[in-house]
Each structure stands twice: as C-alpha cells, then as structure tokens.
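# Geometric and topological summary
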Amino acid sequence: MSTASTPAQRIPGTPRIIPRDQKRDFPKPSHPRVMCVVNQKGGVGKTTTTVNLASALADGGLNVLVMDLDPQGNASTALGVDHAPGTHGTYEVLLDGVPIREVEVSSPEASGLTVVPATVDLAGAELQLVGMVGREQRLARAIRNHLKTADVDYILFDCPPSLGLLTLNALVAAGEVIIPIQTEYYALEGVSQLMNTIAVVQRELNPDLDLSTVILTMFDARTKLSAQVAREVRRHFDAQTLNAQIPRSVRIAEAPSYGQTLLQFDPSSAGAKAYWRAAQEIATRGKAR
Ligand code: ATP
Ligand code: MG
C-alpha cells in the first residue's frame with residue numbers, strides 16, 4: 001500500500017494530523033443534540049454520513065456518541081470497533097435495558113468519540129420488540145437515562161434501510177432528523193413516505209422531532225443529473241439542505257475497508273473536506289433557524 005496515490009495510513013491510537021485549513025473548534029451545543037440519520041432507501045450514504053460527521057465533530061473538540069442501529073454493523077466497522085456476534089451493544093440496550101454506558105466503547109478514530117456497536121443479533125430485534133411494552137420508546141428511555149450523567153454533545157443514530165421498529169425507536173429518541181439524499185435518479189422516491197412517517201411520529205410519539213438537515217451525497221459534478229437532482233432537493237428542502245454537498249469519490253468507498261472514516265483515511269480529500277464543512281454547518285447553525 002505504498003503507491004504514490006495511497007494516502008498515509010494512520011496507526012490506530014496515534015493522533016491524527018489534520019490539515020491546518022480544516023482544523024477548527026466547533027461550538028458546544030447548549031444541550032446535547034440527538035440526531036437520527038435516516039432514509040429507508042438503501043445505499044444512499046447514511047452510514048458514511050454518520051461516521052464522517054461524528055468523526056469531524058469529535059475532531060472539533062466535541063464529545064460524540066454513535067449508536068449503530070443497523071444489524072449490518074457498517075458504522076461499527078467504519079469506526080474501528082468490534083461487532084462480532086456476542087459483542088454487547090445496541091441489542092442489549094434495546095432488548096435487555098442495559099445502560100448505554102455499559103456497552104459504549106471508544107473509537108480509535110478520534111478522542112471523544114464513542115460507539116455503541118451493532119451485531120447481527122440486532123436483525124432479530126425488530127421481531128422481538130413487537131411483543132414488548134413501550135416497544136417504540138425503548139431507545140428514547142435509554143437515551144434519557146444516559147443523558148442524566150453522560151457528558152455528550154452529539155448522539156448520532158445510524159439507521160438501517162427500513163422504516164421498521166429500529167428506525168422508529170431512533171425517530172422517537174431523536175430531537176433532529178438528518179436525511180442523506182443521493183443525487184441520482186429516483187433520489188426523492190421514498191422521501192415522501194419518510195416524511196409521512198416523520199409526521200406520524202411527530203403527531204403520536206415525539207412532537208419535538210425536527211427535520212433539521214438534508215445532506216446531498218454522491219454528487220457528481222460532471223453530470224447534469226446530479227445538478228438537476230440537487231436543485232430539486234433544494235427546492236423541496238430549502239432551509240434544511242446543507243450548502244456542503246458530498247462528492248462521489250472512490251476514496252469514500254475505499255475508507256471502510258480499512259476500518260476508518262474518510263476523515264482518517266484521506267483527510268485532505270475533497271470528500272473529507274466536504275464532510276468537515278457539513279459538520280461545521282450543523283454545529284454552527286444548530287436548531288434555531
Ligand atoms: P445501507 O442502506 O445499506 O445502510 P447506507 O445508506 O448506509 O447504506 P453507505 O453504506 O454509507 O450507505 O454507502 C453505500 C455505499 O456507497 C458504500 O459502499 C459507501 O462506501 C459508498 N459511498 C458512500 N458515499 C459515497 C460517496 N460520496 N462517493 C462514493 N461512494 C460512496
Ligand atoms: Mg448503512
């Protein structure tokens with residue numbers, strides 16, 4: 001891996017060198033922000049967005065917790081934490097009521113970044129939750145308890161590509177929603193169903209839930225289609241769409257196979273810079289807009 005085009009690999013646990021133009025301190029929010037990264041469409045960049053935003057916010061000096069709510073465990077992989085079967089994590093929090101602090105682990109990605117990993121066991125949780133009392137509120141309760149003592153600024157939920165009980169738990173526990181939208185054909189397909197789900201959650205279970213952020217992913221500046229889709233999304237979600245849009249890049253696709261986020265794998269790449277800008281916008285504009 002020592003070709004000229006390969007970025008220098010950081011040994012886990014050693015400090016990351018952040019290019020000077022990217023290093024910045026982010027403002028601490030007035031209250032912990034709990035954000036649900038959701039889109040039931042598969043492969044739109046939910047996990048990539050979750051882990052890179054989390055990493056950027058942690059590098060910006062904030063305490064960040066990522067909860068992996070996807071049995072695929074992709075966020076756990078990208079953040080370099082163990083999620084082999086039998087590892088305790090989201091499943092135990094949701095099903096057994098285990099406190100978050102007992103299962104969160106530090107990510108080698110950045111100091112101040114912790115992860116509650118997801119294992120394949122979580123695949124069974126949807127069905128097991130069905131019969132449980134307060135099945136949609138179990139994560140919300142766990143988060144409330146955690147926030148009584150934890151010094152955390154941001155909690156990000158990486159949701160699976162469905163609107164089942166895992167995603168519902170995340171929407172009920174969150175204060176804000178982040179929707180990544182891939183700038184490709186059919187980008188908005190399914191978003192109206194997601195909007196309906198969010199509206200139902202706001203009406204029935206979590207009146208404070210705010211669709212605060214839309215982030216355009218896999219933007220390809222060479223195609224007219226990407227620009228068209230981006231315009232269309234900005235028309236629908238004018239206030240929510242971040243100015244920073246994430247370019248399509250092979251570097252982004254390569255990073256997870258090294259158990260790293262793009263910010264760690266190739267911090268000076270265009271994609272890493274875009275995620276930095278996105279994190280900065282989120283951190284500075286807060287909820288009050
Ligand atoms: P799922 O619905 O399966 O959970 P997801 O919405 O979490 O998927 P990701 O896993 O983040 O999506 O991304 C899907 C694939 O696209 C991954 O292989 C990822 O590495 C790649 N990818 C994500 N963002 C980009 C990008 N900006 N440019 C190129 N590839 C990307
Ligand atoms: Mg994912």
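Presented here is an overview of the structure given in this document. Predicted, not measured: the structure shown is a model, and the values here were computed from it.

Calculation criteria
- Residues numbered from 1 in each chain as written.
- Chains lettered and ligands numbered in written order.
- Predicted model: local features only at pLDDT ≥ 70, side-chain atom pairs only at ≥ 80, totals over all residues.
- Heavy atoms only, no water.
- Near = heavy atom within 4 Å.
- Polar contact = N/O pair within 3.5 Å; in protein donor to acceptor, adjacent residues only side chain to side chain.
- Areas by Shrake-Rupley, 256 points an atom, 1.4 Å probe, with all protein chains shown as cover.
- 1 Å grid on protein atoms, 1.4 Å probe; cavity = no way out; pocket = protein on both sides within 12 Å on 5 of 7 lines; lining within 4 Å.
- Sits in = over half its atoms within 2 Å of the grid points.
- Helix = DSSP H or I, 4+ residues; strand = E, 2+ residues; numbered from the N terminus.
- Phe/Tyr/Trp six-rings, centres within 6.5 Å; stacked < 30°, edge-to-face > 60°.
- Buried < 20%, exposed > 50% of the residue type's maximum accessible area, 1.4 Å probe, protein only.
- Salt bridge = Lys/Arg side-chain N within 4 Å of Asp/Glu carboxyl O.
- Patch = residues over 30% accessible without salt bridge, like charges linked within 9 Å, V, L, I, M, F, W, Y side chains within 5 Å.
- Pairing = 2+ DSSP bridges.
- Contact = heavy atoms within 4.5 Å.
- Axes fitted to C-alpha atoms, helices over the stretch in contact; angles between N-to-C directions.
- Points joined across faces, edges and corners; volume = space filled by probe spheres on them.
- Nonpolar A, V, L, I, M, F, W, Y, C, P; charged D, E, K, R; others polar.

For the rest of this paragraph, the subject is the site of ligand 1. Taken together, the neighbourhood of ligand 1 is formed by 17 residues, with Lys46, Thr47, Thr48, Pro247 and Ser249 sitting nearest. For ligand 1, an oxygen atom lies 2.9 Å from a polar atom in the backbone of glycine 43. At a separation of 2.9 Å, an oxygen atom of ligand 1 approaches a polar side-chain atom of lysine 46. Contact with the protein chains hides 81% of the accessible area of ligand 1, taken as 620 Å² for the molecule alone. Counting atoms within 2 Å of the grid points, the majority share of ligand 1 lands in the largest pocket. Of all the elements in the fold, those that place two or more residues in the shell around ligand 1 are helix H1 (46-59) and helix H10 (250-254).

With that out of the way, let us pick up the packing of aromatic side chains. The description of two aromatic rings rests on the distance between their centres and on the angle between their planes. All chains considered together, the criterion is met by three aromatic pairs. Summarising the aromatic geometry, the rings of phenylalanine 26 and tryptophan 276 are spaced 5.7 Å apart at their centres and angled 45 degrees between planes, so their arrangement reads as tilted. With phenylalanine 26 in the segment before strand E1 (33-37) and tryptophan 276 in helix H12 (residues 270-285), this residue pair connects regions lying 250 residues apart in the sequence. One exposure class covers both phenylalanine 26 and tryptophan 276, and it is buried.

Right, let's talk about the pattern of salt bridges for a bit. For the coordinates displayed, the defined rule picks out eleven salt bridges. The closest approach of N and O atoms between lysine 28 and aspartate 153, which form a salt bridge, is 2.8 Å. Of this pair, lysine 28 sits in the segment before E1 while aspartate 153 sits in the loop between helix H6 (138-149) and strand E5 (154-158), and the two are 125 residues apart along the sequence. Assessed through its relative accessible area of 4%, aspartate 153 is described here as buried. Taken together, the shared-partner salt bridges in this structure form one network comprising Lys28, Asp151 and Asp153.

Where nonpolar side chains cluster on the molecular surface, the patch consists of Tyr185, Tyr186 and Leu225 and spans about 350 Å² of accessible area. Mapping tyrosine 186 onto the fold places it in the loop between strand E6 (176-182) and helix H8 (191-204).

Moving on, we get to the sheet that holds strand E2 (residues 64-68). The mixed open sheet is built from seven strands, whose spatial order is E3-E4-E2-E5-E1-E6-E7. In this open sheet, the two edge strands, each paired with only one partner strand, are strand E3 (105-106) and strand E7 (210-217). Summarising the sheet, E3 and strand E4 (residues 113-116) pair through two bridges and their orientation is antiparallel. Directly across from serine 106, in E4, lies its bridge partner threonine 114. Against the sheet, H12 contacts E1, E5, E6 and E7, and its axis sits at roughly 165 degrees relative to E7.

Moving on, we get to empty space enclosed by the protein. Applying the stated criterion to the full structure yields one cavity of 30 Å³ or more. Lining the largest cavity, in full, are Thr87, His88, Gly89, Thr90, Tyr91, Glu92, Pro117, Ala118, Thr119 and Leu122. By residue number, the principal contributor to the lining of the largest cavity is helix H3 (residues 90-96), which donates three residues. Across the lining of the largest cavity, the residue classes tally to four nonpolar, five polar and one charged.

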